[in-house]
Amino acid sequence: MYALVTGGSRGIGRAAAIKLAQMGYKVIINYVSNDAKAEETLSAIRANGGEGELLKFDVSDQAASQQALEQWQADHKGEYIAVLVNNAGIRRDNLLLWMEPQDWYKVIGTALNAFYNVTQPLIQPMCRKKFGRIINVASVSGLIGLPGQTNYSAAKGGIIAATKALSKEVAPKNVTVNAIAPGFIKTDMVEGLDEEELKKTIPAKRFGEAEEVAELIGFLASEKSAYITGETIAITGGLN
Ligand SMILES: NC(=O)c1ccc[n+]([C@@H]2O[C@H](COP(=O)([O-])OP(=O)(O)OC[C@H]3O[C@@H](n4cnc5c(N)ncnc54)[C@H](OP(=O)(O)O)[C@@H]3O)[C@@H](O)[C@H]2O)c1
């Protein structure tokens, strides 16, 4: 069975791709620009005896997403993507007072519009095959709202709401839809943040590892999580 991880070349997406491959899924690694990192992820999967492939497209671009997914389907007749991890995301932090329009639209586009662009074409095959797992990577920012992140909080909050709504549409077809809300996780995305200061605000007194988030994604992608749907699970070391 195939699993697609958007933003699978680096960070949380990479760890999730490696975990899903260990579970036996054939992993499709989506990314937008960093070919070298995507190749590294694919090599790591193959080195562990897993199977994977690359699928480069911009998830914020509806036409590009549709075209890439249609081409994948044409190249894989009779197959379908059973697991979707909507993970690609960016942040462009600023106080709303100074936020440029492109920083609003780009962040919403890469998280929230991408949820539509990638999920919509994959829903019907999941329902027809009567098995699907959709895991949306939101953020604690979408749960509590963080200053300097109105764009990001809005995108992630939207994803949490979309998760709840879609889960109710597809539950009868054995397709589950859940979100996860990570706190601070050590990836490229948090580079430049003051880790020493921020750690003091986290009850666990440390940033999380991408591999810890991947364990949660792996569970939600498994058959064992069948009765969990529409949920948002925080993974924050107690930050809330
Ligand atoms: N790290 C944290 O503390 C944290 C906390 C809460 C939530 N999250 C969420 O977790 C997810 C992963 O974050 P991360 O920390 O692992 O980020 P990261 O290390 O910066 O990796 C981002 C990934 O997304 C891909 N990507 C970015 N824009 C894309 C686009 N338009 N189309 C396709 N792929 C795109 C990147 O591809 P390229 O390699 O080609 O650039 C890369 O694979 C994001 O949704 C983020 O909001 C992260």
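Our subject is the structure that appears above.
Treat the numbers as computed from the prediction; the structure is a model and nothing was measured.

Peer 1: Just give me the short version of the overall build of the protein chain, but keep the residues and values in it.
Peer 2: Summing up its helical and strand segments, the protein chain has eight helices and seven strands in all. Relative to the compact-globule value of 18 Å for 240 residues, the protein chain shows a C-alpha radius of gyration of 17 Å, a close match. Over its C-alpha atoms, taken along the principal directions, the protein chain stretches across nearly 50 × 35 × 35 Å. The buried share of the protein chain, taken over its 240 residues, is 50%. In the protein chain, once contacts between residues fewer than 6 apart in sequence are set aside, the share between residues at least 24 apart is 71%. When the accessible area of the protein chain is evaluated, it comes to approximately 11400 Å², of which 52% is carbon and sulfur surface. Looking at charge distribution, the protein chain has the averaged site of its 25 positive side-chain charges lying 6 Å from that of its 26 negative ones.

Peer 1: Give a detailed account of helix H8 (residues 210–221), specifying residues and quantitative values.
Peer 2: Helix length check: H8, at twelve residues, gives a terminal C-alpha distance of 16 Å against a target of 16 Å (1.5 Å per residue), a fit within 8%. Listed as buried for H8 are Ala 210, Val 213, Ala 214, Leu 216, Ile 217, Gly 218, Leu 220 and Ala 221. Check the buried side of H8 and you find it contacts helix H1 (11–22), strand S4 (81–86), strand S5 (132–137), strand S6 (175–182) and strand S7 (232–235).

Peer 1: Can you explain the pattern of salt bridges? Please cite residues and give values.
Peer 2: For side chains bearing opposite charge, pairing can occur when the charged atoms are close. The final tally for this structure, using the stated rule, is ten salt bridges. For the salt bridge of Glu 40 with Arg 14, the shortest nitrogen-to-oxygen distance reads 3.1 Å. Remark: Arg 14 occurs in helix H1 and Glu 40 occurs in helix H2 (residues 35–47); sequence separation between them is 26 residues. Classification of Glu 40 as partly exposed rests on a relative accessible area of 40%. A single salt-bridge network, built from bridges that share partners, covers Arg 14, Lys 37 and Glu 40.

Peer 1: Go over the site of the ligand, please, and point to the residues and values.
Peer 2: The environment of the ligand is formed by 32 residues, the closest being Ser 9, Ser 33, Asn 87, Tyr 152 and Thr 187. Gly 183 is positioned such that a nitrogen or oxygen atom in its backbone is 3.2 Å from an oxygen atom of the ligand. The separation between an oxygen atom of the ligand and a polar side-chain atom of Thr 187 is 2.5 Å. In isolation the ligand exposes 900 Å². Once the protein is present, 95% of that is buried. Going through the elements one at a time, H1, strand S2 (26–31) and helix H6 (150–170) are the ones with two or more residues in the shell around the ligand. For the shell around the ligand, the per-class residue count stands at 15 nonpolar, 13 polar and four charged.

Peer 1: Kindly report on the sheet that holds S4, identifying the contributing residues and their values.
Peer 2: Read across the open sheet, the seven strands follow the order S3-S2-S1-S4-S5-S6-S7; overall the sheet is parallel. Two strands bound the open sheet, and with one partner strand each, they are strand S3 (51–56) and S7. Across the sheet, the mean angle from the axis of one strand to that of its neighbour is 20 degrees, orientation sign disregarded. Sheet analysis places S2 next to S3, joined by six bridges and oriented parallel. Of the residues in S3, the one forming a bridge with Ile 28 is Glu 53.

Peer 1: I'd like a rundown of unusual backbone geometry, residues and numbers included.
Peer 2: You will see that Asn 174, though not glycine, has its phi angle at about 65 degrees, which is positive. By the element assignment, Asn 174 lies in the loop between H6 and S6. With a relative accessible area of 33%, Asn 174 lands in the partly exposed category. Positive phi, normally seen in glycine, also occurs at Lys 205, with a value near 60 degrees.

Peer 1: Describe helix H3 (residues 62–75), naming the residues involved and giving the relevant values.
Peer 2: Over its 14 residues, H3 runs 20 Å from end to end, which matches the ideal 20 Å to within 8%, given 1.5 Å per residue. Taken as a whole, H3 has its buried residues at Ser 65, Ala 68, Leu 69 and Trp 72. Seen along its axis, H3 keeps its buried residues to an arc of 95 degrees; they face one direction. Of the surrounding secondary structure, the elements contacted by the buried residues of H3 are strand S1 (2–5), S2, S3, S4 and helix H4 (101–129).

Peer 1: Can you explain the packing of H1 against H8? Please cite residues and give values.
Peer 2: Viewed as axis vectors pointing N to C, H1 and H8 meet at an angle of 50 degrees, and their least axial separation amounts to 8 Å. Judged on the interaxial angle alone, H8 and H1 are oblique. Considering how the two elements wind past one another, H1 and H8 form a crossing that is right-handed. For the pair H1 and H8, the contacting residues are Gly 11, Ile 12, Ala 15, Ala 16, Lys 19 and Leu 20 in the first and Ala 210, Glu 211, Val 213, Ala 214, Glu 215, Ile 217, Gly 218 and Ala 221 in the second. Grouping the constituent residues of the contact of H1 with H8 by class yields nine nonpolar, two polar and three charged.

Cut-offs and rules
- Residues numbered from 1 in each chain as written.
- Predicted model: local features only at pLDDT ≥ 70, side-chain atom pairs only at ≥ 80, totals over all residues.
- Heavy atoms only, no water.
- Helix = DSSP H or I, 4+ residues; strand = E, 2+ residues; numbered from the N terminus.
- Rg over C-alpha atoms; globule rule 2.2 N^0.38 Å.
- Buried < 20%, exposed > 50% of the residue type's maximum accessible area, 1.4 Å probe, protein only.
- Contact = heavy atoms within 4.5 Å.
- Areas by Shrake-Rupley, 256 points an atom, 1.4 Å probe, with all protein chains shown as cover.
- Lys, Arg positive; Asp, Glu negative; His and termini not counted.
- Charge placed at Lys NZ, Arg CZ, Asp CG, Glu CD.
- Expected span 1.5 Å × (residues − 1).
- Salt bridge = Lys/Arg side-chain N within 4 Å of Asp/Glu carboxyl O.
- Near = heavy atom within 4 Å.
- Polar contact = N/O pair within 3.5 Å; in protein donor to acceptor, adjacent residues only side chain to side chain.
- Nonpolar A, V, L, I, M, F, W, Y, C, P; charged D, E, K, R; others polar.
- Pairing = 2+ DSSP bridges.
- Axes fitted to C-alpha atoms, helices over the stretch in contact; angles between N-to-C directions.
- Arc of directions from axis to C-beta.
- Parallel < 35°, antiparallel > 145°, perpendicular 65-115°, else oblique.
- Left-handed = near helix turned anticlockwise from the far one by under 90°.

Without other data, these values stay purely geometric and don't point to any function.
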